[in-house]
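Understanding the architecture of this molecule
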Amino acid sequence: MRILLTNDDGVYAPGLRAMRKELQKLGDVTVVAPVGEQSAVGHSITLLAPLITQEVVDENQLPMGWAVEGRPADCVKLALLELLKDPPDLIVSGLNAGSNAGINVLYSGTVAAAIEGAFFQCTSIACSLAYTKPKTPNFPAAAEHAARVVAQIMRHPLSRGSLFNVNIPSMDKGPIQGIRVVRQNVAPYQEKFDRRVDPRGRVYFWSGPDFGCPDPHPDTDETALREGYITVTPLH
């Protein structure tokens with residue numbers, strides 16, 4: 001199986017490296033990912049600047065793929081139209097640092113990359129890991145879980161362009177309870193801005209770190225994730 005791996009945390013992110021290691025057990029993995037972090041860029045693409053690419057190697061100095069000075073969606077477009085010799089059988093985006101459940105799907109560069117793959121009629125799966133700050137995410141263990149879910153999905157007959165959003169619960173809150181296929185939560189989120197004044201008297205705002213859903217709908221990705229389940233959400 002030919003697998004294209006991308007993300008929005010950047011080509012050198014530990015989540016991508018951990019995911020690549022696990023996906024190599026399923027097939028041949030080629031990475032095409034942004035040079036640097038592109039979190040919350042959504043489905044934006046680059047139109048007014050060149051997409052500079054550079055080949056990258058892994059920790060063993062073996063070819064790994066390409067780093068792209070662009071957005072996650074750019075990476076998928078470029079991979080499918082220019083960089084890959086053969087189309088992939090599967091596109092995986094992740095493993096993202098932080099969950100992408102609920103309306104985060106709309107903001108996420110991770111999910112956007114998977115959506116772009118689905119536009120090209122490729123089976124695409126976004127994978128993310130919830131974690132409790134400031135603890136360091138356990139990417140190797142989470143990548144094992146994510147890769148098993150990916151393999152499980154791929155064992156089913158799928159229509160072209162099938163799209164899935166997978167979230168791994170925070171692993172420092174206890175053992176994973178299982179896997180649930182659930183719908184996307186669309187209940188409103190709560191967010192705040194920190195109002196400040198700079199030395200010149202100008203008002204500015206910083207987006208607060210507490211972006212969460214205080215009252216999620218039952219039986220959705222948000223509720224199942226909080227209960228310790230890996231969530232699988234088909235998107236369309």
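Before any of the text, the structure's been laid out above.
Not measured: the values here are computed from a predicted model.

1. Observations regarding the overall build of the protein chain
Summing up its helical and strand segments, the protein chain has six helices and eleven strands in all. The C-alpha atoms of the protein chain give a radius of gyration of 18 Å, which matches the 18 Å a tight globule of 236 residues would have. Principal-axis analysis of the C-alpha atoms places the extent of the protein chain at approximately 55 × 45 × 35 Å. Each of the 236 residues in the protein chain was classed as buried or not, and the buried ones make up 49%. Residue pairs in contact within the protein chain that sit at least 24 positions apart in sequence constitute 75% of those at least 6 positions apart. Taken as two groups, the 22 positive and 25 negative side-chain charges of the protein chain have centres that lie 3 Å from each other.

2. As for unusual backbone geometry
With an omega dihedral of 5°, the bond running from Gly 94 to Leu 95 counts as a cis peptide bond. On the secondary structure map, Leu 95 appears in strand S5 (residues 90–97). Positive phi outside glycine occurs at Ala 40, with the angle close to 60°. Relative to the assigned elements, Ala 40 resides in the loop between strand S2 (28–34) and strand S3 (53–57). Ala 40 gets classed as exposed once you look at its relative accessible area, which sits at 58%. Phi at Gln 61 is positive, roughly 60°, even though this residue is not glycine. By the secondary structure assignment, Gln 61 is in the loop between S3 and strand S4 (63–68).

3. Some remarks on the pattern of salt bridges
Overall, the coordinates contain ten salt bridges when judged by the stated rule. The partner of Asp 198 in a salt bridge is Arg 202, and the shortest N-O contact between them spans 2.7 Å. On the basis of relative accessibility, which here comes to 53%, the residue Arg 202 falls in the exposed class. Among the ionic pairs, Glu 222 bridges to Arg 226, the shortest N-O distance being 3.9 Å. Highlighted residues: Glu 222 and Arg 226, both in helix H6 (residues 221–226), separated by four residues, approximately one helical turn.

4. Here's the deal with the nonpolar core
Judged by nonpolar contacts, the single largest core of 31 residues is most densely connected at Met 19, Val 92, Leu 95, Cys 127 and Val 166. The biggest single contributor to this core is helix H5 (residues 139–154), with seven residues. Counting 13 residues, the second-largest nonpolar core is a separate cluster that includes Val 32, Ala 79, Leu 84 and Cys 122.

Analysis parameters
Residues numbered from 1 in each chain as written. Predicted model: local features only at pLDDT ≥ 70, side-chain atom pairs only at ≥ 80, totals over all residues. Heavy atoms only, no water. Helix = DSSP H or I, 4+ residues; strand = E, 2+ residues; numbered from the N terminus. Rg over C-alpha atoms; globule rule 2.2 N^0.38 Å. Buried < 20%, exposed > 50% of the residue type's maximum accessible area, 1.4 Å probe, protein only. Contact = heavy atoms within 4.5 Å. Lys, Arg positive; Asp, Glu negative; His and termini not counted. Charge placed at Lys NZ, Arg CZ, Asp CG, Glu CD. Salt bridge = Lys/Arg side-chain N within 4 Å of Asp/Glu carboxyl O. Core = buried A, V, L, I, M, F, W, Y, C linked by side-chain atoms within 4.5 Å.

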